[in-house]
Amino acid sequence: MSNSQWHDLGPADQFAAKPLQQVVIGRTRIALSFRDGTFAAISGACNHVGGPLGDGRLDGEYVVCPWHNWKYHRTTGAGEPGYEAETVPRYQVEVREGHLWIDLTPAGKRNRIPHEPHALARPVVREAGPLRVAGISTTAIDEANPRFSTSEALLAAALAHAKGRGAETRLIRLSSLFFRHCEGYYSKSAQACTWPCSITQMDPNDQMDQVYEAMVHWADVVMVATPIRWGAASSLYFKMAERLNCVQNQTTIRDRVLIRNKVAAFIVTGGQDNVQGTVGQMLTFFGELGFVFPQFPFIAHSRGWSAEDMENNVRVVRDSAELREGAEQLIDRSLEVAKHLLASAPPNTVARGGRKAHPVNGGQPA
Ligand code: FES
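Report follows, based on the coordinates. Just so it is clear, the model here is predicted, and its values are computed rather than measured.

### Things to note about the pairing of strand 11 (residues 132–137)
Along any regular strand, the residues point their side chains to alternate faces of the sheet. Taken across its six residues, strand 11 has six buried, putting it largely inside the fold. Alternating positions in strand 11 separate into two faces, Arg132, Ala134 and Ile136 on one and Val133, Gly135 and Ser137 on the other, with burial throughout. Pairing between strand 11 and strand 12 (residues 168–173): six bridges, direction parallel. For Gly135, the partnering residue across the bridge sits in strand 12 and is Leu171. Taking the sense of rotation as the criterion, the β-α-β connection linking strand 11, helix 2 (residues 150–164) and strand 12 turns out right-handed. In terms of strand pairing, strand 11 meets strand 13 (residues 221–227) through five bridges, oriented parallel.

In structure tokens:
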């Protein structure tokens, strides 16, 4: 007995107008293609994380997923050369008397090749050991010809002080890392923005993994230092922040909080003003990531809007015992909070309502 479930899609002409389209019949998603006068249909759900294949594009005979570019042959459903075992179901299609028909019983199977998970995907477990501080310097510097950075100098003072108190420290200088800007996977779909970051999983040369490793897995305290540029944190700070969307997005779409019981603090120095606006953004963003803050969570220095004599900023900060002391006291406060958080071991779940009122897939069938 045949298991066929032939379904009339409608006038074939209407489907021939587009090389590729996503067609939804009940709860079945189909990537329907038309090329060289021939229709073909495969599943409209990608094996990776379910991208809508029919919303992608055709590359020759291959359907390219719009989310992270995996490819499947439009007639066989097989992955691109080298990945032929990675298959999505294919479906039979026929034109009968001007109408396009599809058999909704798949003619091929879905097969997912097991992929080794990325090292960052491991469970977040606080390993035993002394308190750990990651300093992240976001100032933009020519690595080959370095200059004195006021924000980085104060960060270095804080890290040295933390080390003196028995903490392990790690300095990450964004200017010495190669990392790609966020390419907006979240803007395609919340589900397309993955943890670990889609770019990190695809590009072994991208070094943002060092920041993820320190922030999510290693550190108890993260201290971020930035200059003020046009009233805001540095361009490298924002480049990093956008790549951290994937951490915050896990909370939004999966109630999966990757940052727990960790402390963030900030050092902000500027030739000109807007300390409050700069720190305000950082507090908001790191709060949304899941960090907590010590009392008085930042130190800052700015000589104001009219202070264009930048060399004097360098001199003032370099010579300031008060600012160094402020950096040391900031790390002291941060370590105290981190110590209490670790000792009291707060529960591993926190209620955080508010975002899930809107279905993240827009109500589309799975
Ligand atoms: S490549 Fe298709 S969902 Fe990632």
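### Quick word on the sheet that holds strand 12
A sheet is described by the order of its strands in space; here five strands give the open sequence 12-11-13-14-15, paired in parallel fashion. At either end of the open sheet lies a strand with only one pairing partner, and these are strand 12 and strand 15 (298–302). Neighbour-to-neighbour, the strand axes of this sheet turn through a mean angle of 15 degrees, independent of strand direction. Lying on the sheet, helix 5 (residues 209–218) is in contact with strand 11, strand 12 and strand 13; it crosses strand 12 at an angle near 150 degrees.

### Digging into the packing of helix 6 (residues 235–243) against helix 8 (residues 275–289)
The N-to-C vectors of helix 6 and helix 8 enclose an angle of 20 degrees; their axes lie 12 Å apart at closest approach. Taken together, the axis directions place helix 6 and helix 8 in an arrangement best described as roughly parallel. Both helix 6 and helix 8 take part in a crossing whose hand is left-handed. Residues Tyr237, Phe238, Met240 and Ala241 of helix 6 form the contact with helix 8, whose participating residues are Gln281, Met282, Phe285 and Phe286. Of the residues belonging to the contact of helix 6 with helix 8, the class tally is seven nonpolar, one polar and no charged.

Rules used in this analysis
- Residues numbered from 1 in each chain as written.
- Predicted model: local features only at pLDDT ≥ 70, side-chain atom pairs only at ≥ 80, totals over all residues.
- Heavy atoms only, no water.
- Buried < 20%, exposed > 50% of the residue type's maximum accessible area, 1.4 Å probe, protein only.
- Helix = DSSP H or I, 4+ residues; strand = E, 2+ residues; numbered from the N terminus.
- Pairing = 2+ DSSP bridges.
- Right-handed = clockwise from strand over helix to strand, strands pointing away.
- Axes fitted to C-alpha atoms, helices over the stretch in contact; angles between N-to-C directions.
- Contact = heavy atoms within 4.5 Å.
- Parallel < 35°, antiparallel > 145°, perpendicular 65-115°, else oblique.
- Left-handed = near helix turned anticlockwise from the far one by under 90°.
- Nonpolar A, V, L, I, M, F, W, Y, C, P; charged D, E, K, R; others polar.

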